[in-house]
Amino acid sequence: KYYELEKIVQGLTVKEESKEKPEIKEKPEIKEKEEIHDEKSGKINSDFPLNQILFGPPGTGKTYNTVNMALDIVCPIEGSQWEKEQRKDARDKYQEMLAAGRIVFVTFHQSMSYEDFIEGIKPEPTEDGKITYEVKDGIFKELCAKAKKDESQNYVMIIDEINRGNVANIFGELISLIEDDKRLGAREELRAELPYSHTIFSVPKNVYIIGTMNTADRSVEALDSALRRRFTLKEMMPKSEMVPEEH
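Right, let's walk through the structure included here. Sequence order as written defines the numbering, with residues in each chain counted from 1. Note on the predicted model: pLDDT of at least 70 is required for a residue's local features to be given, and 80 or more for side-chain atom pairs to be given and counted; whole-chain, interface and lining totals, by contrast, use all residues. Each side-chain value is worked out from all heavy atoms of the structure, with water and hydrogens disregarded.

## Observations concerning the sheet that holds strand β2 (residues 103-107)
Through backbone hydrogen bonds, the strands of a sheet pair up, either in parallel or in antiparallel fashion.
Argument step 1. The parallel open sheet is built from five strands, whose spatial order is β2-β5-β8-β1-β9. The sheet terminates laterally at β2 and β9 (232-235), the two strands that pair on one side only. Mean inter-strand twist for the sheet, computed between neighbouring axes without regard to direction, equals 20 degrees.
Argument step 2. Pairing between two strands is assigned when DSSP locates at least 2 bridges connecting them. Under the DSSP-based scheme used, a helix requires at least four consecutive residues in state H or I and a strand at least two consecutive residues in state E, with every element numbered from the N terminus. Bridging between strand β5 (residues 155-160) and strand β8 (residues 207-214) involves five bridges; their strand directions are parallel. Residue pairing for β8: tyrosine 155 is matched across the bridge by valine 207.
Argument step 3. Contact definition: two residues touch when any of their heavy atoms are within 4.5 Å. Axes here mean lines fitted to C-alpha atoms, for a helix over just the part in contact, with angles spanning 0 to 180 degrees between N-to-C directions. In the packing of helix α5 (residues 139-149) onto the sheet, the strands contacted are β2, β5 and β8, and the crossing angle to β5 comes to about 165 degrees.

Below, the structure is given as structure tokens:
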């Protein structure tokens with residue numbers, strides 16, 4: 001009986017000790033952030049809209065900010081943004097990306113045409129002094145050709161003063177091809193035959209367009225409705241808090 005009583009006491013002691021010990025929970029596994037993939041457009045980095053326009057009055061930093069925005073797209077900094085870096089470092093990197101053809105800067109004006117932007121027939125002098133006419137690729141078509149050969153990298157076209165050009169004439173069929181879900185490899189991929197070369201053309205998903213628009217010249221409402229529908233509009237207003245009080 002004494003032996004049985006001792007076993008009972010030992011059993012109770014073990015139970016009490018097990019109650020006092022806190023339950024040890026396993027540390028949750030930390031998972032790295034997965035690469036964002038937009039099923040609709042198929043683009044690699046969906047943190048930025050494929051087509052966007054910065055609009056606002058003069059002097060609000062629209063063109064200034066295209067540098068940081070373009071760099072965030074083509075060469076993002078892990079856990080940071082280029083606007084937080086030294087301006088000189090950002091400018092140096094920007095010039096490097098321009099030289100590499102990853103970023104292209106163009107300003108729209110009344111003389112800008114479809115032939116300059118997409119493709120057109122240009123005169124070409126020959127060695128014997130004669131003139132031949134050949135179909136030449138425009139600025140945007142050349143950028144798209146580079147982007148198609150290098151699908152793992154993003155490319156940016158900056159269009160300053162986008163509202164100063166005749167948008168309908170300059171963009172042509174591109175107005176349909178730049179939509180997110182009409183890009184090359186997207187769900188509703190769309191291709192068009194170009195009028196001069198008769199080649200089939202589409203816009204790759206790794207080409208981003210950043211435009212700027214001065215609302216002192218023209219309001220957003222007056223912008224071509226087809227273009228406005230296909231672009232994300234970001235307003236940039238003056239920041240009065242940055243002006244010293246004595247001024």
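## A few points about the nonpolar core
Argument step 1. What is meant by a nonpolar core is a set of buried Ala, Val, Leu, Ile, Met, Phe, Trp, Tyr and Cys residues, joined one to another through side-chain atoms within 4.5 Å. Burial here depends on accessible area, computed with a 1.4 Å probe over protein chains only, as a share of the maximum for the residue type. Under 20% is buried, over 50% is exposed, and the range in between is partly exposed. Grouped together as the largest cluster of nonpolar side chains are 34 residues, with contacts concentrated most on Phe108, Phe117, Phe140, Ile159, Phe171 and Leu174.
Argument step 2. When contributions to this core are tallied by element, the ones reaching two or more residues are β1 (51-56), β2, α4 (114-117), α5, β5, α6 (167-171), α7 (174-177) and β8.
Argument step 3. The greatest single-element share of this core, amounting to four residues, is contributed by α5.
Argument step 4. Beyond its immediate stretch of four places on either side in the chain, phenylalanine 171 contacts Phe108, Tyr114, Phe117, Ile118, Ile159, Ile162, Ile178 and Leu227.

## Overview of α5
Argument step 1. Within α5, burial applies to Phe140, Lys141, Leu143, Cys144 and Ala147. Considered in projection along α5, the buried side chains sweep an arc of 160 degrees and stay on one side of the axis. By arc we mean the arc of the directions from the helix axis to the C-beta atoms, nothing more.

## Notes on a nonpolar patch on the surface
Argument step 1. A cluster of nonpolar side chains, contributed by Ile121, Ile131, Tyr133 and Val135, occupies part of the molecular surface with about 410 Å² of accessible area.
Argument step 2. Element by element, the count of residues in the nonpolar patch is highest for strand β4 (residues 131-137), at three residues.
Argument step 3. With respect to the secondary-structure elements, tyrosine 133 resides in strand β4.
Argument step 4. Take tyrosine 133: its relative accessible area is 61%, and that puts it in the exposed class. Patch rule: a residue counts if its relative accessible area is over 30% and it has no salt bridge; like charges are joined within 9 Å, and nonpolar side chains (Val, Leu, Ile, Met, Phe, Trp, Tyr) within 5 Å. For accessible areas, the Shrake-Rupley method is used with a probe of radius 1.4 Å. Any residue's cover is judged against the shown protein chains and nothing else. What makes a salt bridge here is a side-chain nitrogen of Lys or Arg within 4 Å of a carboxyl oxygen of Asp or Glu, nothing more.

## A few points about the packing of helix α2 (residues 62-74) against helix α3 (residues 87-100)
Argument step 1. As a packed pair, α2 and α3 sit with axes 10 Å apart at the nearest point and diverge in direction by 65 degrees. One way to sum up the angle between α2 and α3 is to call them roughly perpendicular. The two elements α2 and α3 cross, and the hand of that crossing is left-handed. Contact residues: Tyr64, Val67, Asn68, Leu71 and Val74 in α2; Arg87, Ala90, Arg91, Lys93, Tyr94 and Met97 in α3.
Argument step 2. Residues are grouped as follows: nonpolar covers Ala, Val, Leu, Ile, Met, Phe, Trp, Tyr, Cys and Pro; charged covers Asp, Glu, Lys and Arg; every other residue, Gly included, is treated as polar. Residue classes in the contact of α2 with α3 are distributed as seven nonpolar, one polar and three charged. Any angle that falls under 35 degrees is termed roughly parallel, while one over 145 is termed roughly antiparallel, one within 65 to 115 roughly perpendicular, and all others oblique. We call a crossing left-handed when the near helix sits turned anticlockwise from the far one by less than a right angle, and right-handed when that turn is clockwise.

## Looking at the pairing of β8
Argument step 1. Within β8, eight of the eight residues are buried, which leaves the element mostly enclosed by the surrounding structure.
Argument step 2. Relative to β8, β1 runs parallel, the two sharing six bridges. Among the inter-strand pairings, isoleucine 53 is bridged to a residue of β8, identified as glycine 211.

## Side note on the pattern of salt bridges
Argument step 1. Under the definition given, this model contains 12 salt bridges.
Argument step 2. In this structure, glutamate 96 engages lysine 93 in a salt bridge whose closest nitrogen and oxygen atoms are separated by 3.4 Å. One end of the pair is glutamate 96 and the other is lysine 93, both in helix α3 and three residues apart, which spans about a single turn.
Argument step 3. Accessibility expressed as a relative area gives 43% for glutamate 96, which makes it partly exposed.
Argument step 4. Judged by its relative accessible area of 24%, lysine 93 falls in the partly exposed class.
Argument step 5. The salt bridge partner of lysine 141 is aspartate 137, with a shortest N-O separation of 3.0 Å.
Argument step 6. In this structure, a network of salt bridges that share partners links the residues Glu119, Asp137 and Lys141.

## Comments concerning α2
Argument step 1. Taking 1.5 Å per residue, 13 residues should reach 18 Å; α2 reaches 19 Å between its end C-alpha atoms and fits that length.
Argument step 2. In terms of residue burial, α2 counts as a mostly covered element, since 11 of its 13 residues are buried.
Argument step 3. Those residues of α2 lying buried are Lys62, Asn65, Thr66, Val67, Asn68, Met69, Ala70, Leu71, Asp72, Ile73 and Val74.
Argument step 4. Those residues of α2 hidden inside the fold are in contact with β1, α3, β2, β5 and β8. Expected span of a helix: the number of residues minus one, times 1.5 Å.

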